[in-house]
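# Observations on chain architecture
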Amino acid sequence: MIYKVHVTFSKEFLEINENQIKIGIKSKPLKGEANKEIIKKIAKHLGISTSLVQIKSGHKSQEKIIEILQ
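Residues numbered from 1 in each chain as written. Predicted model: local features only at pLDDT ≥ 70, side-chain atom pairs only at ≥ 80, totals over all residues. Heavy atoms only, no water.

## Quick look at the confidence of the model for the protein
So the rule is basically this: pLDDT: the predictor's confidence for each residue, scored from 0 to 100. In DSSP terms, a helix is any run of H or I states spanning at least four residues, a strand is any run of E spanning at least two, and both are numbered starting from the N terminus.
When pLDDT is averaged across the protein, the result is 94; 100% of the residues are at 70 or more. When pLDDT is averaged over each element of the protein, strand β4 (residues 53–57) comes out on top at 97 and helix α1 (residues 33–46) at the bottom at 94.

Structure below.
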C-alpha cells in the first residue's frame, strides 16, 4: 500500500485518511532522525514491524511517499 505523507514539526499526532497520512513529530530533521521517528510512529499505529515501512521518496522533504509492505 502506498501513502502520501505530510509532515509537520510542531505537535505530535497521526491521522490516516484513505491513502494520505498527516503526521506531527518533534524530532529535528537532522541526520535522518525525523524519518526514523516517522517510520516508528506509523509502524506502531498500524501494529506492524518498522521493517515493513519504507520511505520511497521525499527523504529530505515534508511531503513523502511511504510504502507499507505486506
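There's more to say after this.
## Thoughts on unusual backbone geometry
Negative phi characterises most residues that are not glycine, and trans characterises most peptide bonds. Put simply, the rule is: Here's how the labels work: a residue is buried when its accessible area is under 20% of the maximum for its type, exposed when over 50%, partly exposed in between, all with a 1.4 Å probe on protein chains only.
Not every positive phi belongs to a glycine, and E18 is a case in point at roughly 50°. Along the polypeptide, E18 turns up in the loop between β2 (13–17) and β3 (20–24). The class of E18 is exposed, set by a relative accessible area of 73%. In this model, K31 sits at a positive phi of 55°, which is unusual for a non-glycine residue. Inspection of the secondary structure puts K31 in the loop between β3 and α1. Looking at K31, the relative accessible area reads 83%, which means it is exposed.

## Focus on the sheet that holds β4
Basically, it comes down to this: Here, a strand pair is defined by DSSP locating no fewer than two bridges between the strands. Axes here mean lines fitted to C-alpha atoms, for a helix over just the part in contact, with angles spanning 0 to 180 degrees between N-to-C directions. Contacts: residue pairs with any heavy atoms within 4.5 Å of one another.
Strand order in the open sheet formed by five strands is β2-β3-β1-β5-β4, with mixed pairing between adjacent strands. Every interior strand has two partners, whereas the edge strands, β2 and β4, have only one. Pairwise comparison of adjacent strand axes, ignoring direction, gives a mean angle of 30° for this sheet. Alignment of β2 against β3, held across five bridges, turns out to be antiparallel. Bridged to L14 within β3 is I23. In the packing of α1 onto the sheet, contacts are made with β1 (2–8), β2, β3, β4 and β5 (63–68), and the angle to β5 comes to roughly 45°.

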